[in-house]
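Listed below are the residues making up each chain.
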Amino acid sequence: MLDTACKHFPSIPRYLVKLQTNHLDVCDGHYVDITPDIWDDVIDLLNVIEVTQRAEKTLPVPLPLDALAISLPDNQSVPSQVNGQDAKKKKGKNKNKTKNEQDSSNDDKVTIKVVFPSGEIQTTKISREMRVDKLVADASLVFGGCPTDIMAIWGGAIMRGDLSIGSYNIKDGDTINLQASLRIAKPVIYLYSPSDIDVSVKLSLIPEWSLSVIYPVVSTEDNGHRLEWNVRTHQDGSLTENNSGLDVSYLFWEAEKNLQAFLRSPASKPQPVDTFNPISSNLNDMDSIVIPVDRATVYLDKSLKVLGLHTEARTSFITYWLPSILKHEYIALRFVPQAAYERAASLSIAPQPDVVTRVCMLFKGIRKEHLEIWANAQMQAEKDVAWWVDVVGVDPARAGDATLFRVLEWGGMEVLI
């Protein structure tokens, strides 16, 4: 079956091919991995198999966790303090325990499933005394994430980091989901009109997002999913917000992932390619480019220019994201098709503009040792940046026509996994 999958999906390296199913009763509706050791047992029970690509991180499969913490890659070491005790001393003591003492010790452990942000599902046995933030921190070392950007979710609720696993009524076989806390950062909306006019700008977000910051400040509706600005445009490009009288250069909003709308396994069925969703959107070798960070500013300036961003917008875009980009050695980036972005964050503007240009970038850090699985993306980085015009679906000529009523928006999101 693996040979067949590789034949029909040649863009996925063989060692990254993942076979999954949600058609078995034990799956409980979630997509889970079909490993070689269970293939013969389940093949006759399945009519459909999902072929996906593993994330480019290195994970032990299966991930056997000892009583202390998640197993780490070979180049990582387990932190010396676990629940306030030295791990090595505790391990040494276990050798001298009688069978009854070991049985009693096992009562202090629980076997759980940990669902990583990428959708990887691993089974582990951990101490009930382990704090939630300790579990998150150890898991983050495995998949390369930042612990402060990860939330643990059990039973539809976000777990408190300062509480122990035993503080929750977690039973053997329960699942803890690790979710990355992502946000769409600094989308700004410029309005340019040939003459001064009154304009209504309505923004509506899908349930997976909730507005977190807006300026000028106006009231929101539908639990932070909708808002409306009423402004007067001026020929110099500035705006006056009617309620407050504030003069601004643009309208600003940010949104955070709304976990309450999406408390399910991230291993669920992937979204169609033309869908943009803050929960599940990612980058891959076919839709992105990969460059070293010392080329990022020049590449971005050229790309944003062909997409219709003027000098001030390009400068603001690059300087806003540059500190995050420089944390990495290489980055993968792509621009979201405007139609897909519109379905996730709909703009309704009256009177209707002659042209709307919405540019949203996704990017993520790439480790040097993982460059080999981004071969196509590295080649695409050498193409003329004009190819992004068709990908995003913009009309740069009309976007620069000062005789038209034009709307320009830019924003972005760093993918943390």
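Right above here is the structure, for reference.
For clarity, every value in this text was computed on a predicted model and none was experimentally measured.

**Q** Just checking my understanding: could you explain the pairing of strand S22 (residues 355–366) for this structure?
**A** A regular strand carries its side chains on alternate faces of the sheet. Within S22, ten of the twelve residues are buried, which leaves it mostly tucked inside the rest of the structure. Pairing analysis gives six bridges linking strand S20 (residues 330–335) to S22, with the strands arranged antiparallel. Its bridge partner being in S22, phenylalanine 335 is matched across the sheet by methionine 361. Pairing geometry for S22 and strand S23 (residues 406–414), over nine bridges, is parallel. Residue threonine 357 lies in a different strand from S23, and its bridge partner there is leucine 408.

**Q** Where do I start with the side chain of threonine 233 in this structure?
**A** Within the secondary structure layout, threonine 233 lies in strand S15 (residues 226–233). A distance of 2.6 Å separates the side chain of threonine 233 from the side chain of serine 193, its partner in a polar contact. In contact with threonine 233, not counting residues within four places along its chain, are Leu191, Ser193, Ser195, Asp196, Ile197, Val199, Ser238 and Leu239.

**Q** Which parts of the structure should I look at to understand the pairing of strand S8 (residues 150–154)?
**A** Where S8 and strand S9 (residues 157–158) come together, two bridges link them in antiparallel fashion. The residue of S9 that forms the bridge with tryptophan 154 is alanine 157. Taking the residues that link successive antiparallel strands as the turn, the S8-S9 hairpin has two residues, and the phi of glycine 155 there is positive, at about 60°.

**Q** Looking at this model, I keep getting lost on helix H7 (residues 311–325). Mind explaining?
**A** Side chains of residues three or four places apart in an α-helix project in the same direction, reflecting 3.6 residues per turn. Across its 15 residues, H7 extends 20 Å between first and last C-alpha, which sits within 8% of the 21 Å expected from 1.5 Å per residue. For H7, every residue scored as buried is listed here: Ala313, Arg314, Ser316, Phe317, Ile318, Trp321, Ser324 and Ile325.

**Q** Whenever I open this one, the packing of aromatic side chains confuses me. Can you help?
**A** The description of an aromatic ring pair rests on the distance of the ring centres and on the angle between the ring planes. Applying the stated criterion to the full structure yields eleven aromatic pairs. Seen from their ring centres, phenylalanine 276 and tyrosine 341 are 5.9 Å apart, and the 45° between their planes marks the pair as tilted. One end of the pair, phenylalanine 276, is in the loop between strand S18 (251–257) and strand S19 (289–292); the other, tyrosine 341, is in helix H8 (residues 338–344), with 65 residues separating them in the sequence. Accessibility assignment for this pair places phenylalanine 276 and tyrosine 341 in one class, buried. Judged by centre distance (5.2 Å) and plane angle (80°), the rings of phenylalanine 335 and tryptophan 388 are edge-to-face. Of this pair, phenylalanine 335 sits in strand S20 while tryptophan 388 sits in helix H10 (residues 387–392), placing them 53 residues apart in sequence. Taking the relative accessible area as the measure of exposure, phenylalanine 335 reaches 1% and is therefore buried.

Definitions and limits used
Residues numbered from 1 in each chain as written. Predicted model: local features only at pLDDT ≥ 70, side-chain atom pairs only at ≥ 80, totals over all residues. Heavy atoms only, no water. Buried < 20%, exposed > 50% of the residue type's maximum accessible area, 1.4 Å probe, protein only. Helix = DSSP H or I, 4+ residues; strand = E, 2+ residues; numbered from the N terminus. Pairing = 2+ DSSP bridges. Polar contact = N/O pair within 3.5 Å; in protein donor to acceptor, adjacent residues only side chain to side chain. Contact = heavy atoms within 4.5 Å. Expected span 1.5 Å × (residues − 1). Phe/Tyr/Trp six-rings, centres within 6.5 Å; stacked < 30°, edge-to-face > 60°.

Note that every value here comes from positions in space, so none of it alone points to a role or purpose.
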